[in-house]
Amino acid sequence: PAILPCRATMDTLESNKSVHGLSETVVGVLGGGQLGRMLCEAASEMAIKVVVLDPMKNCPASGIAHDHMVGKFNDSSTVEEFSKRCGVLTVEIEHVDVATLEKLEQQGVDCQPKASTIRIIQDKYLQKVHFSSHSIPLPEFMQIEDFESVKRAADLFGYPLMIKSRRLAYDGRGNAVAKSEEDLSSAVNALGGYSRGLYVEKWAPFVKELSVIVARGRDNSILCYPVVETIHRENICHIVKSPANVPWKTMKLASDTAYRAVSSLEGAGVFAVELFLTVDGQILLNEVAPRPHNSGHHTIEACYTSQYEQHLRAVVGLPLGDPSMKTPAAIMYNILGEDEGEPGFYLAHQLIRKAMQVPGASIHWYDKPEMRKQRKMGHITIVGNSMGVVEAHLKSMLKEENNDTH
Ligand code: ATP
Ligand code: MG
Ligand code: MG
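Treat the numbers as computed from the prediction; the structure is a model and nothing was measured. (Residues numbered from 1 in each chain as written. Chains lettered and ligands numbered in written order. Predicted model: local features only at pLDDT ≥ 70, side-chain atom pairs only at ≥ 80, totals over all residues.)

Colleague: Go over the overall build of the protein chain with me, naming the residues and quoting the values.
Modeller: The number of helices and strands found in the protein chain is 13 helices and 17 strands. What you see for the protein chain is a C-alpha radius of gyration of 22 Å, in line with the 22 Å of a compact globule of 406 residues. Overall, the protein chain is about 85 × 55 × 45 Å in size when its C-alpha atoms are taken along their principal axes. Expressed as a percentage of the 406 residues in the protein chain, the buried residues total 43%. For the protein chain, the share of sequence-separated contacts (at least 6 apart) that also reach a separation of at least 24 residues comes to 63%. (Helix = DSSP H or I, 4+ residues; strand = E, 2+ residues; numbered from the N terminus. Rg over C-alpha atoms; globule rule 2.2 N^0.38 Å. Buried ≥ 20, exposed ≤ 12 C-beta atoms within 10 Å, placed from the backbone. Contact = placed C-beta atoms within 7 Å.)

Colleague: Describe the sheet that holds strand β7 (residues 175-178), and please don't skip the residues or the numbers.
Modeller: If you trace the 4 strands from one edge of the open sheet to the other, you get β5-β8-β6-β7, paired in antiparallel fashion. Each end of this open sheet is capped by a strand with a single partner; those strands are β5 (141-144) and β7. Averaged over neighbouring strand pairs, the angle between their axes works out to 25° when direction is ignored. Where strand β6 (residues 161-165) meets strand β8 (residues 198-202), 5 bridges bridge the pair, whose relative direction is antiparallel. When the bridges of β8 are listed, S165 appears paired with L198. (Pairing = 2+ DSSP bridges. Axes fitted to C-alpha atoms, helices over the stretch in contact; angles between N-to-C directions.)

Colleague: Residue-level account of the sheet that holds strand β3 (residues 67-70), with values.
Modeller: Strand order in this open sheet of 4 strands is β3-β2-β1-β4, and the pairing throughout is parallel. Because the sheet does not close on itself, it has two edges, and the strands there are β3 and β4 (88-91). Averaged over all pairs of adjacent strands, the angle between their axes in this sheet comes to 25°, without regard to strand direction. Looking at chain direction, strand β2 (residues 50-54) and β3 are connected through 4 bridges and run parallel. Its bridge partner lying in β3, D54 is registered against V70. Here helix α2 (residues 34-46) sits on the sheet in contact with β1 (27-30) and β2, set at roughly 170° to β2. The strands touched by helix α3 (residues 76-83) within the sheet are β1, β2, β3 and β4, with β1 carrying the most contacts at an inclination of about 160°.

Colleague: If you had to explain the UniProt feature "domain: ATP-grasp" (unreviewed entry) in the protein chain to someone new, which residues and values would you point to?
Modeller: In the numbering used here, UniProt assigns the feature "domain: ATP-grasp" (unreviewed entry) to residues 128-316. Overall, residues 128-316 shows 29% helix and 33% strand. The separation of its end C-alpha atoms is 29 Å. (UniProt positions renumbered as here; feature names shortened; annotations may be inferred.)

Colleague: Residues and numbers for unusual backbone geometry, please.
Modeller: Looking along the chain, the bond that leaves Y159 and enters P160 is cis, with omega of -10°. Residue placement: P160 occurs in the loop between α7 (147-157) and β6. The step from S242 to P243 runs through a cis peptide bond, and the omega angle for that step is -5°. Topologically, P243 is positioned in the loop between β12 (236-242) and α9 (248-263). One non-glycine residue, L168, lies in positive phi territory at about 55°.

Colleague: Explain the nonpolar core to me, using residue names and the numbers behind them.
Modeller: Among the nonpolar cores identified, the biggest contains 90 residues, and V27, L39, V50, V214, V273 and L312 are the most heavily contacted of them. By residue number, the principal contributor to this core is strand β15 (residues 329-336), which donates 7 residues. Every residue in contact with L312, bar those within four places of it in the chain, is listed here: V27, L39, A42, A43, M46 and I48. Within the second largest apolar cluster, 16 residues are counted, among which are F141, A154, A178 and A187. (Core = buried A, V, L, I, M, F, W, Y, C linked by C-beta atoms within 7 Å.)

Colleague: Go over the packing of α2 against helix α11 (residues 307-316), please, and point to the residues and values.
Modeller: In contact at an axis separation of 8 Å, α2 and α11 are set at 70° when each is read in the N-to-C sense. Comparing their axes, α11 and α2 come out roughly perpendicular. As α2 runs across α11, the sense of the crossing is right-handed. Two secondary-structure elements touch here, α2 through M38, L39, E41, A42, A43 and M46 and α11 through Y308, E309, H311 and L312. Tallied by class, the residues present in the contact of α2 with α11 amount to 7 nonpolar, 1 polar and 2 charged. (Parallel < 35°, antiparallel > 145°, perpendicular 65-115°, else oblique. Left-handed = near helix turned anticlockwise from the far one by under 90°. Nonpolar A, V, L, I, M, F, W, Y, C, P; charged D, E, K, R; others polar.)

This is the structure:
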């Protein structure tokens, strides 16, 4: 009898030769940037095969993906070809060819989240229309086509006025602020002019920016990660603190809003809901990402189930994992390019050397082939017993005089 379990395992293996990991579904990811790379890292722990589609031969995910198809995720025939290799198609970037995803879905290709979700999210104006029709509170907004309409919006919303590109926005590239009527035309021009597709938002006088990672399973079960605070530098996410230091009531309101926002979308995966907290305690939605997100990097070290593992579990149909924190506090610090080329690499490596001496710090380097100013090159997560402790560790890591030149 002692050998029976062993035989049973052998039989299973022999009868099903494709068994390789916790799921037999090959996950195809459109995009192979740092988010794709961290998805591959999580996949490797569960022996799930991830193949990525990215135009850059040496994109961050290329070295660790099961396979990398070099090609554009916004090119129809390439996406179609790629989909033949995957059991489920997902994204690490929303700027993909959504018309092709819709066509593929009709042919039976499994896209998670659904193409309808990507279509809504990749156009920020459509996104606002969608969420406002679902009664999610957000800053007032208006489409603009010409000077007359932007002037009308400015008269209504006042200054500063936030002008945004509807499409292809990331890291604040696609946002321009007009401080007065004189700025309107130059702000519009900075975004490429009206023909680019623009809209405006009323300025949100926020006291904090918050974010909630929300996971949705294939069975439509929804779980929220603890609310985090995000701190931006020049429109780019720079520091994330988990949990956010806000009253319990605010936590609840932020989670509820994020839950409702994700409930209004279709498909499985993790979503990031970016929020503004106003001085009077209101929560307004900024935008949603239909994928793992910068504000969830810390979940790798700080939560029982990282956002990357959760995304994979969700899209292949495994049970969702516990999103709660296993450490009392965490801070994520983005390593942004400080300079171009070699000098930039030198500065980043100096910081990493310091991080290596910080208790509770974990280093993630994305292996991007080129260093540019403000580019996300890696991140450092510091975990600890209280926010005070991790903040003190971050401060000591960033202190100039600590420079270690060895
Ligand atoms: P991401 O990299 O998060 O995708 P993005 O390029 O899509 O960024 P947004 O999230 O729209 O840009 O805006 C970037 C930042 O600009 C926000 O995090 C916030 O700090 C600020 N911001 C955006 N909209 C407003 C607004 N209506 N009022 C005030 N500040 C705003
Ligand atoms: Mg965005
Ligand atoms: Mg944003």
